[in-house]
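The primary structure of each chain is shown beneath.
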Amino acid sequence: MKLEPLRGWMIGRIAITKTSDTIVTVDVNKGVTKFALIEAVSAEAKAAGFAPGDLVMAKVMHNVFLNGGRFHRVTFPLDEAICVVRDVPLSD
């Protein structure tokens, strides 16, 4: 299945960063920063300069669970994007 975002929305996979090397926590939202690794963008988001492969921080991300919860993606509209991450080493 391929999801195609409409009207200024973007779809991505969640990428979590943390100050320690351990990602596993009791509450995955506590003490972490979440970014979306963009997989698909709408025409409006593309025109605004966003592209698949970008790492984006958004004010709010909405969860999409399909296939019994085995398929998880995050979505957010263009106006919720805060920043695009540049020059991140692959080791991070």
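Below or above, wherever it landed, is the structure these notes cover. As the structure is a computational prediction, the values presented were derived from the model and not from experiment. (Residues numbered from 1 in each chain as written. Predicted model: local features only at pLDDT ≥ 70, side-chain atom pairs only at ≥ 80, totals over all residues. Heavy atoms only, no water.)

### Re the environment of Leu-37
Link 1 in the chain: For Leu-37, the position within the fold is in strand E2 (residues 33–41).
Link 2 in the chain: Overall, Leu-37 belongs to the partly exposed group, its relative accessible area being 38%.
Link 3 in the chain: A sequence separation of 15 residues divides Leu-37 from Pro-52, and the C-alpha atoms of the two residues are 7.7 Å apart.
Link 4 in the chain: Not counting chain neighbours up to four residues away, the residues in contact with Leu-37 comprise Ile-11, Gly-12, Arg-13, Gly-53, Asp-54 and Leu-55. (Helix = DSSP H or I, 4+ residues; strand = E, 2+ residues; numbered from the N terminus. Buried < 20%, exposed > 50% of the residue type's maximum accessible area, 1.4 Å probe, protein only. Contact = heavy atoms within 4.5 Å.)

### Description of the side chain of Ser-42
Link 1 in the chain: Following the sequence through the fold, Ser-42 ends up in the loop between E2 and helix H1 (43–47).
Link 2 in the chain: For Ser-42, a relative accessible area of 2% puts it in the buried group.
Link 3 in the chain: Those residues within four positions of Ser-42 in sequence are excluded, and the remaining contacts are Pro-5, Leu-6, Arg-7, Gly-8 and Trp-9.

### Brief notes about the packing of aromatic side chains
Link 1 in the chain: In the structure shown here, the tally under the stated rule is zero aromatic pairs.
Link 2 in the chain: The ring of Phe-71 has Arg-73 lying over it, and the distance from NZ or CZ to the ring centre is 4.2 Å. (Phe/Tyr/Trp six-rings, centres within 6.5 Å; stacked < 30°, edge-to-face > 60°. Lys NZ or Arg CZ within 6 Å of the ring centre and 35° of its normal.)

### Quick word on the nonpolar core
Link 1 in the chain: Counting residues in hydrophobic clusters, the biggest one holds 11 residues: Met-10, Ala-36, Ile-38, Val-41, Ala-45, Phe-50, Val-56, Ala-58, Met-61, Val-74 and Phe-76.
Link 2 in the chain: At the level of secondary structure, the elements contributing two or more residues to this core comprise E2, strand E3 (55–58) and strand E5 (71–77).
Link 3 in the chain: The element contributing the most residues to this core is E2, with three residues.
Link 4 in the chain: When neighbours within four sequence positions are excluded, Ala-36 is seen to be in contact with Arg-13, Asp-54, Leu-55, Val-56, Met-61, Val-74 and Phe-76. (Core = buried A, V, L, I, M, F, W, Y, C linked by side-chain atoms within 4.5 Å.)

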